[in-house]
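Survey of secondary and tertiary structure
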Amino acid sequence: MNRALLAHTWRAYRWRLLIVSVALVGWGTVLPVVFDSFGNQFQGLFDSGAFPKQFSQFGGGDFFSLSGSVAIGFVHPLAVGLNLVFAVGYAASAIAGERQAGTLEVLLARPISRRGTYLTFALAATIFVAVTNAALTIGTFLGAVITGRTAELGAGNLPILWLNGSMLFWAFAAVALLASAASDRLSPAIGISLAFVLVSYFLEVLGSLWPDAAFLQPYSLFHYVDAKADLAGLPHPGDFVVLATVIIVAVTAALVVFPRRDIAAPT
Amino acid sequence: MAVIETRGLGKRYGRSVESLALSDLTIDVREGEIFGFLGPNGAGKSTTIRLLLGFLHATTGGATVLGGDIERDSVAIRRRVGYLPGGIAFWDGLTGERLLDELADLSGRPPVRRAELTDRLELSAATLRRPVRDYSRGMRQKVGIVQALQHDPELAILDEPTEGLDPLMQRAFYEYLDELRAAGRTIFFSSHILSEVERVCDRVAIVRAGRLVALEEIPALLARRKRNVELRLAGPAPALAGVAGVSDVRVADGRLWCRLEGDVGPFLAAIAGAPITDMTIEPARLEEAFLEFYETEDEPPPPPAVPPVPAAAGGSVSG
């Protein structure tokens, strides 16, 4: 870990982090407000049979309770996309992007080990993801305050939801950082990382909408975030174990791969 | 003491012949010298530098820099080394000043030479307050030089350092290198610009197709080069056949051309009394020495073809 490199990374990304965090606070605030305003209409819509019942269970949530609505909001493509700005965008470019730009050469000419460089980037990704998930969680709390539904939300369990959501994106960040550490160019690192996320997302959505494909859901990392259970104070310990395992494996692999590989000359 | 010592250092990227980037490089760079590392693009210069700094892992041999092993002690080595990459890239959103501050922080040593470097290279405070993305090629190169030397490293590894600098700046930079040498700093100077290597370096290694083909003191290298001689004659040409150091004699239209190598005494004795109206001797240039190594053979020279190193040179040669 290198303090100067961490400070450099923070200075480079702080404004982007602020913008993404503000957007996530806004999105989180909207979730309880939308449920408060349209919850009954959603209930009527699905009761009428206009939409298949599975559509109301997207991402393990539902439209009929505040915690269910929040759960849907946490895995909504907008929230996922905003979180991926750092979980994939930053993590995938941290090493491969610097290599492609030629700045990794300047960086690695300093007295910083490859492992130290990787761990610094990993720490930065950890902080960024923690902040963006905190923003989403804080937004959700604000929305519950605005609508007067803090007790119904189970606000005391928001830290569990934050941890569960953060671990999901830490896992994606760890995979993206591994791809970055193993690549010389940015496009493969981004491509592999995004493909991993998209396949994971597709399996979860497909499984939640089509009962015959439900067996695919355990192969998706999104399956291991259950916002509704977290807010009820009944998180699944196994979810945390699975996500932690993915993080540990990806970090360990990167710590082996990055120091051993050759760093190609800038192109 | 050898600041850089390589022993049979080699790098291969795959199994094919073309994948051999560097082969069996054995050199010693002494403390307090400016060591020229010469070769055309693709000869193995950058590969050598990248091996020394730990960017690449050697497939054969090994090396020490400042007494530390390049594999085991890479971090400790880089704490004492300044590096200017060829075609350097920066974080372009930063101002020059901020960039130099951050790079000094990352080096972990105070930028004690920054003020004198920016002064010599005419990087004004106003310039350094502008974002690097607005800099010209030459200004970027100046910032690159400053970042490599600002923390007063014991060894500076400079890859094509004068690229993009105008002649005045080049001269100022050469003078600064002379001062660094006088202060006991060691410079590893990679270049394909022969005139600057001849101007600033004490010794030079010439690499070709990943192999070392020469390692000598520059004066010794030049002394062994053939000089071109032209005589204008008002009468019969002097007999130069068999004169020591003289070769390629041609006579036509009242002129004599020949090539002269080594001691000029026998040549001067042979032309004494000849009806010479004018004489031109082109001094030996490093360029000729360099081209000689590159023009003689298409294939990389095998080990026996490596020119012998005079004892005074103190280095070793490996083919």
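These numbers were taken from a predicted model, which means no experiment stands behind them. (Residues numbered from 1 in each chain as written. Chains lettered and ligands numbered in written order. Predicted model: local features only at pLDDT ≥ 70, side-chain atom pairs only at ≥ 80, totals over all residues.)

Let's shift gears to the overall build of chain B. When you go through chain B residue by residue, the secondary structure sums to eleven helices and 14 strands. Within chain B, buried positions represent 41% of all 319 residues. (Helix = DSSP H or I, 4+ residues; strand = E, 2+ residues; numbered from the N terminus. Buried ≥ 20, exposed ≤ 12 C-beta atoms within 10 Å, placed from the backbone.)

This paragraph deals with the overall build of chain A. Along the backbone of chain A there are ten helices and zero strands. For 267 residues, the compact-globule formula gives about 18 Å, and the C-alpha radius of gyration of chain A, at 20 Å, lands near that figure. Across its three principal axes, chain A shows a C-alpha extent of roughly 65 × 40 × 30 Å. When burial is assessed residue by residue, chain A has 46% of its 267 residues classed as buried. Put simply, 78% of the contacts in chain A that link residues at least 6 apart link residues at least 24 apart. (Rg over C-alpha atoms; globule rule 2.2 N^0.38 Å. Contact = placed C-beta atoms within 7 Å.)

All names here are of chain B. The strand order across the open sheet built from six strands is β6-β7-β8-β3-β9-β10, with neighbouring strands paired in mixed fashion. Two strands close off the open sheet at either side, each with one partner strand: β6 (81-84) and β10 (211-217). Neighbour to neighbour, the strand axes of the sheet diverge by 15° on average, direction disregarded. The strands that helix α1 (residues 45-52) touches are β3 (34-38), β7 (155-159), β8 (186-191) and β9 (203-208); relative to β7, the one it contacts most, it runs at about 150°. (Pairing = 2+ DSSP bridges. Axes fitted to C-alpha atoms, helices over the stretch in contact; angles between N-to-C directions.)

On to the interface of chain A and chain B, then. Contact residues are listed per partner, giving 20 residues for chain A and 22 residues for chain B. Going through the elements one at a time, α1 (3-47) and α4 (103-108) of chain A are the ones with two or more residues in the side of chain A that touches chain B. For the side of chain A that touches chain B, the leading source of residues is α4 of chain A, giving five residues. Split by residue class, the side of chain A that touches chain B holds 13 nonpolar, four polar and three charged. (Nonpolar A, V, L, I, M, F, W, Y, C, P; charged D, E, K, R; others polar.)

This next bit is on the sheet that holds strand β4 (residues 60-65) of chain B. All names here are of chain B. Reading across from one edge, β2-β1-β4-β5 is the order of the four strands in this open sheet, with antiparallel pairing throughout. Every other strand in the sheet has two partners, leaving β2 (20-30) and β5 (68-69) as the edge strands with one partner each. Bridging between strand β1 (residues 2-12) and β4 involves five bridges; their strand directions are antiparallel. The residue of β4 that forms the bridge with T6 is A63.

This part takes up the packing of helix α3 (residues 77-101) of chain A against helix α5 (residues 114-147) of chain A. All names here are of chain A. Following both chains from N to C, one finds α3 and α5 inclined at 170°, their axes separated by 10 Å at the closest point. If you check the angle between α3 and α5, you find them roughly antiparallel. Where α3 abuts α5, its residues A79, L82, N83, F86, A87, Y90, A91, A94 and I95 lie against F121, A125, F128, V129, T132, N133 and L136. Looking at the contact of α3 with α5, its residues break down into 13 nonpolar, three polar and no charged. (Parallel < 35°, antiparallel > 145°, perpendicular 65-115°, else oblique.)

This part takes up the packing of α5 of chain A against helix α10 (residues 237-260) of chain A. All names here are of chain A. For the pair α5 and α10, the least separation of the axes is 9 Å and the interaxial angle reads 140°. As far as their axial angle goes, α10 and α5 are oblique. Taken as a pair, α5 and α10 cross one another with a handedness that is right-handed. Contacts from R114, R115, Y118 and A122 of α5 reach α10 at V251, A254, L255, F258 and P259. Tallied by class, the residues present in the contact of α5 with α10 amount to seven nonpolar, no polar and two charged. (Left-handed = near helix turned anticlockwise from the far one by under 90°.)

This part takes up the nonpolar core. Membership of the largest hydrophobic core comes to 143 residues, with the highest contact counts inside it found for A125, F172, A173 and L177 of chain A. The dominant element in this core, judged by the number of residues it contributes, is helix α7 (residues 158-182) of chain A, at 17 residues. Excluding anything up to four places from it in sequence, A125 of chain A contacts F86, Y90, A91, A173 and L177 of chain A. Grouped together as the second largest cluster of nonpolar side chains are nine residues, L231, V246, L256 and L260 of chain B included. (Core = buried A, V, L, I, M, F, W, Y, C linked by C-beta atoms within 7 Å.)

Residue and element names in this part refer to chain B. Across chain B, pLDDT averages 86, with 90% of residues at or above 70. The model gives residues 299-319 a pLDDT under 50, and that stretch makes 41 contacts with residues more than four places away or in other chains. Of the two predicted TM-score estimates for the complex, the pTM is 0.85 and the ipTM is 0.83. (pLDDT = per-residue confidence, 0-100.)

Taking 1.5 Å per residue, 16 residues should reach 22 Å; helix α7 (residues 167-182) of chain B reaches 23 Å between its end C-alpha atoms and fits that length. One or two residues past the end of α7 of chain B sits G184 of chain B, with phi positive at roughly 90°. (Expected span 1.5 Å × (residues − 1).)

Residue and element names in this part refer to chain B. Pairing analysis gives five bridges linking strand β12 (residues 246-252) to strand β13 (residues 255-261), with the strands arranged antiparallel. Bridge pairing links S247 to R259 in β13. Counted between consecutive antiparallel strands, the loop separating β12 from β13 contains two residues, among which D253 sits at a positive phi close to 55°.

Residue and element names in this part refer to chain A. Here α3 contains 25 residues, and its C-alpha end-to-end distance of 30 Å is more than 12% below the 36 Å for a straight helix at 1.5 Å per residue. Helix geometry: α3 is bent most strongly at A94, by close to 55°. In terms of residue burial, α3 counts as a mostly covered element, since 19 of its 25 residues are buried. One or two positions beyond α3, positive phi appears at G102, with a value near 90°. (Bend = angle between axes of the 7 residues up to and from the residue.)

With that settled, consider unusual backbone geometry. Residue and element names in this part refer to chain B. Located in the positive-phi region is L66, a residue other than glycine, with phi close to 50°. Relative to the assigned elements, L66 resides in the loop between β4 and β5. Accessibility expressed as a C-beta count within 10 Å gives 21 for L66, which makes it buried. Positive phi, normally seen in glycine, also occurs at D152, with a value near 55°. With respect to the helices, strands and loops of the structure, D152 is situated in the loop between α6 (137-149) and β7.

This paragraph deals with the pairing of β3 of chain B. Residue and element names in this part refer to chain B. Counting buried positions along β3 gives five out of five residues, so the element sits mostly inside the fold. Because side chains alternate across β3, one face comprises the buried residues I34, G36 and L38, and the other comprises F35 and F37, equally buried. With five bridges joining them, β3 and β8 adopt parallel strand pairing. Looking across to β8, one finds that G36 is bridged to F189. Relative to β9, β3 runs parallel, the two being bridged by four bridges. Counted as the bridge partner of L38 is I206 from β9.

Residue and element names in this part refer to chain A. Looking at where T147 falls in the secondary structure, it is placed in helix α5. Along the sequence, T147 and I95 sit 52 residues apart, while their C-alpha atoms lie 44 Å from each other. Those residues in contact with T147 that sit more than four places away from it in its chain are P32, V33 and D36.

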